[in-house]
Amino acid sequence: MIRRSLIIFAILVVGYALFIHFAKLDLNTVQHQASGNRISAEKYVFAADDTSATVIVGSSLSFRIELDSLAPNTSNLSFGGLSVFDGLELVRRSGKHPKRAVIETNMIFKEVDRAFLDAVFQPGLYELRKAAPILREENQPTGVLVGFLKKGMKQEGEGPGSAEPDSMEVSENLFDTNRGIFAKAPADSTQQRFLATLEHEVKALEANGIEVVFMEMPISAELMRSPLSTSTRGAIIQRFPGHRYIRSDRDWRTTDGLHLEWHNAQRFSGWLAKELRSAR
C-alpha cells in the first residue's frame, strides 16, 4: 500500500513538473502580498544574469510601476510592506550585475526584513528551487489554480482595464494615517544610520559597474511637502550629489495619499520610461 502510494505520488510530481516545464504558463499566480513578494524575488534571483538590464528597487509605492511601459529587460523589486533595502540586498546576494539600479527614495527609513531574505536564500532549499522550478512560489498548485481563475475573470471583463475611468475615491482614513506618519521626520541619528546603510549598498553596486539612479515616486502634493518628504529629499541630494535624481512635478492621483491610482501608475510608468531613456 505504501509502495503504491509512493509510486502514485512520484507520477503526480513528475507529471506536474512536465506540465510546468512545457506549458509555459503566463498566469498571475499571486495569492497574497507575501506570495507576490516571494514570486518577484525568485524570478529575479533564478533568472540569467543580464548585464544590460535595469532593476528597480523600492517599497509598495513603486510596486505598481507597469513594466510593459519600460525596457523588456527591466525587473521591479519593489516589495509590498518591505523596504528599499530588501531589494538592494537581494540584488547584492543574487550576484547579478545589471546595467542600472533605480532606487526609490520615498521610504528609506525602514529596516530590512531578514526573515524575507533568509527564506529566499535558505541553504538547501535555494539550490532545490533553482534546479526544480515546481518548488518555486509561482508554481505552487494552488497559485496556478488561482492564476487560471484570475485569467478567466479578466477575459470576462472583471479585471482592471485601460478603458476604465480613474477612481476619484480616496481612503480618507488611510490618508489621515499617512499624514500623521509624514508629519515628522526621524531623528538625525536615525537618518544618518539609514543613509550610511544606503551609501554602503550604493558603493557595492557601483563597485560592480552598476549605474545608480535615484527616483522619488509621486505621492499627493500635500505629502510631497511634508516634513518627512522634504527631509528625505534633501538628505538624498546632499549625500549623493553626483547622482541623477528623477522626480516629477506633475500632480498624480493616489488612492491614499501615497499609492498611485491604477491608471495614474500606468501613466507614470510611461513617463518614467522616457526619463530613463534620456538618462543613457
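Thresholds applied
Residues numbered from 1 in each chain as written. Predicted model: local features only at pLDDT ≥ 70, side-chain atom pairs only at ≥ 80, totals over all residues. Heavy atoms only, no water. Helix = DSSP H or I, 4+ residues; strand = E, 2+ residues; numbered from the N terminus. Buried < 20%, exposed > 50% of the residue type's maximum accessible area, 1.4 Å probe, protein only. Contact = heavy atoms within 4.5 Å. Core = buried A, V, L, I, M, F, W, Y, C linked by side-chain atoms within 4.5 Å. Pairing = 2+ DSSP bridges. Axes fitted to C-alpha atoms, helices over the stretch in contact; angles between N-to-C directions. Expected span 1.5 Å × (residues − 1). Salt bridge = Lys/Arg side-chain N within 4 Å of Asp/Glu carboxyl O. pLDDT = per-residue confidence, 0-100. Polar contact = N/O pair within 3.5 Å; in protein donor to acceptor, adjacent residues only side chain to side chain.

Enquirer: Whenever I open this one, the environment of Ser269 confuses me. Can you help?
Expert: With respect to the helices and strands, Ser269 occurs in helix H11 (residues 262–278). In this structure Ser269 comes out as buried when scored by relative accessible area, which is 0%. Sequence separation between Ser269 and Asp68 is 201 residues; the distance between their C-alpha atoms is 8.5 Å. Not counting residues within four places of it along the chain, the set of residues in contact with Ser269 comprises Arg64, Ile65, Glu66, Ser69 and Leu70.

Enquirer: Would you explain the nonpolar core in this entry?
Expert: Grouped together as the largest cluster of nonpolar side chains are 58 residues, with contacts concentrated most on Leu90, Ile103, Leu198, Met215, Phe268 and Leu272. If you tally residues by element for this core, the top one is H11, at six residues. In contact with Leu90, other than residues within four places in its own chain, are Ala41, Val45, Leu77, Phe79, Leu117, Val120 and Phe121.

Enquirer: I would appreciate a short explanation of the sheet that holds strand S4 (residues 211–216) in the present structure.
Expert: Consider a sheet: its strands pair through backbone hydrogen bonds, and that pairing is either parallel or antiparallel. Read across the sheet, five strands follow the order S2-S1-S3-S4-S5 without closing on themselves; strand pairing throughout is parallel. Each of the sheet's edge strands pairs with one partner strand only, and the pair in question is strand S2 (74–78) and strand S5 (244–247). Within this sheet the neighbouring strands show an average axis-to-axis angle of 20 degrees, counted without direction. Relative to S2, strand S1 (residues 54–58) runs parallel, the two being bridged by five bridges. Considered in S2, the bridge of Ile56 is made with Asn76. Sheet contacts for helix H3 (residues 84–94): S1, S2 and strand S3 (100–104); angle to S1, the most-contacted strand, approximately 145 degrees. Across the sheet, helix H10 (residues 227–239) touches S4 and S5, and the angle it forms with S5 is around 155 degrees.

Enquirer: Just to check I follow, could you spell out helix H2 (residues 33–46) for this structure?
Expert: With 14 residues, H2 should cover 20 Å at 1.5 Å per step; its first-to-last C-alpha distance of 20 Å lies within 8% of that length. With ten of 14 residues buried, H2 lies mostly within the body of the structure. Within the span of H2, buried status applies to Ser35, Gly36, Asn37, Arg38, Ile39, Ala41, Glu42, Tyr44, Val45 and Phe46. Each element contacted by the buried residues of H2 is listed here: S1, S2, H3, helix H4 (114–120) and helix H5 (125–131).

Enquirer: Would you explain the pattern of salt bridges in this entry?
Expert: Side-chain pairing between opposite charges can occur once the charged atoms of the two side chains come close. Inspection of the entire model under this criterion finds 18 salt bridges. Between Asp118 and Arg93 there is a salt bridge; the shortest N-O distance is 3.8 Å. Here the residue Asp118 occupies a position in helix H4, and Arg93 occupies one in helix H3, the gap between them amounting to 25 residues. On the basis of relative accessible area, Asp118 is assigned to the partly exposed category, the value being 41%. Note that Lys203 and Glu199 form a salt bridge whose closest N and O atoms lie 3.7 Å from each other.

Enquirer: Looking at this structure, how should I read the confidence of the model for the protein chain?
Expert: For residues with low pLDDT, the predicted coordinates do not support detailed interpretation. For the protein chain, the mean per-residue pLDDT works out to 86, and 88% of the residues sit at or above 70. Overall, residues 158–168 carries pLDDT values under 50, and its contacts beyond four positions in sequence, including any with other chains, amount to 17 contacts.

Enquirer: Looking at this structure, how should I read the side chain of Ser248?
Expert: Along the chain, the position of Ser248 falls in the loop between S5 and H11. Judged by relative accessible area, Ser248 falls into the buried class, the value being 4%. Within the structure, the side chain of Ser248 is placed 3.2 Å from the backbone nitrogen of Arg250, a separation counted as a polar contact. In terms of polar contacts, Ser248 uses its side chain to reach the side chain of Trp252, at 3.0 Å.

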